[in-house]
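Fold and geometry: a report
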Amino acid sequence: TGQSFRMAAACVIPGQRVGSVEEFTSGPGTYVRGNYLYASLVGFRRVLSFDEDEMIDADQKPLVFVSREKEISQVPVIGS
């Protein structure tokens, strides 16, 4: 496919700024407040960009999203 991850993943926490609406489209694990995109969960910030032939329109921006590598438990385990 023509989709590609443009940047290395960075660890983010809820409320951390992950981009601007001028540069990116908000994806899963993010929310928009004002002109910025923020993480809504603990995970890794990733950017998905598209080839020209896959774009819906000429002004399509890369998609920024936050994903978890695995499900994180809210309950601590013994010895943690």
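Presented here is an overview of the structure given in this document. What you are looking at is a predicted structure, and each value in this text was computed from that prediction instead of being measured.

Here is what the cut-offs are and how they apply
Note on numbering: residues in each chain are counted from 1, in written sequence order. Given that the model is predicted, a residue must reach a pLDDT of at least 70 before its local features are reported, and side-chain atom pairs must reach 80 or more before they are shown or counted; all residues, however, enter totals for whole chains, interfaces and linings. Calculated side-chain values reflect all of the structure's heavy atoms, with hydrogen atoms and water omitted. Side-chain atoms within 4.5 Å are what join buried Ala, Val, Leu, Ile, Met, Phe, Trp, Tyr and Cys residues into a set we call a nonpolar core. Note on classification: 1.4 Å probe, protein chains only; a residue is buried when its accessible area is under 20% of the maximum for its type, exposed when over 50%, partly exposed between these limits. Helix and strand definitions here come from DSSP, where helices need a minimum of 4 consecutive H or I residues and strands a minimum of 2 consecutive E residues; each element is numbered from the N-terminal end. Pairing of aromatic side chains requires ring centres within 6.5 Å, counting the rings of Phe and Tyr and the six-membered ring of Trp. Pairs whose planes differ by under 30 degrees are stacked, by over 60 edge-to-face, and all others tilted. Charge over a ring is defined by NZ of Lys or CZ of Arg lying within 6 Å of the ring centre and within 35 degrees of the ring normal. Whether two strands pair depends on DSSP finding at least two bridges between them. Under this scheme, a helix contributes an axis fitted over its contacting stretch, all axes are lines through C-alpha atoms, and angles between N-to-C directions fall in the 0 to 180 degree range.

Once that is clear, we can look at the nonpolar core. Among the nonpolar cores identified, the biggest contains eight residues, and these are Val12, Val18, Phe24, Leu37, Ala39, Val47, Val64 and Val66. Taken together, the elements giving at least two residues each to this core come down to β6 (36-39) and β8 (63-67).

This structure, assessed with the given rule, holds one aromatic pair. Geometrically, the ring pair formed by tyrosine 31 and tyrosine 38 is stacked, given 5.6 Å between the ring centres and 25° between the ring planes. Sitting over the face of the ring of tyrosine 36, arginine 17 holds its NZ or CZ atom 3.7 Å from the ring centroid.

Strands sit in the order β3-β6-β5 across an open sheet of three strands; the sheet is antiparallel. The sheet is open, and its two borders are formed by β3 (17-20) and β5 (30-33), each paired with just one other strand. Recorded for the sheet is a direction-independent mean angle of 30° between the axes of neighbouring strands. Pairing between β3 and β6: three bridges, direction antiparallel. Each residue of the ladder has a partner; that of serine 20, found in β6, is tyrosine 36.

It is worth stressing that arrangement in space is one thing and function is another; only the former is reported here.
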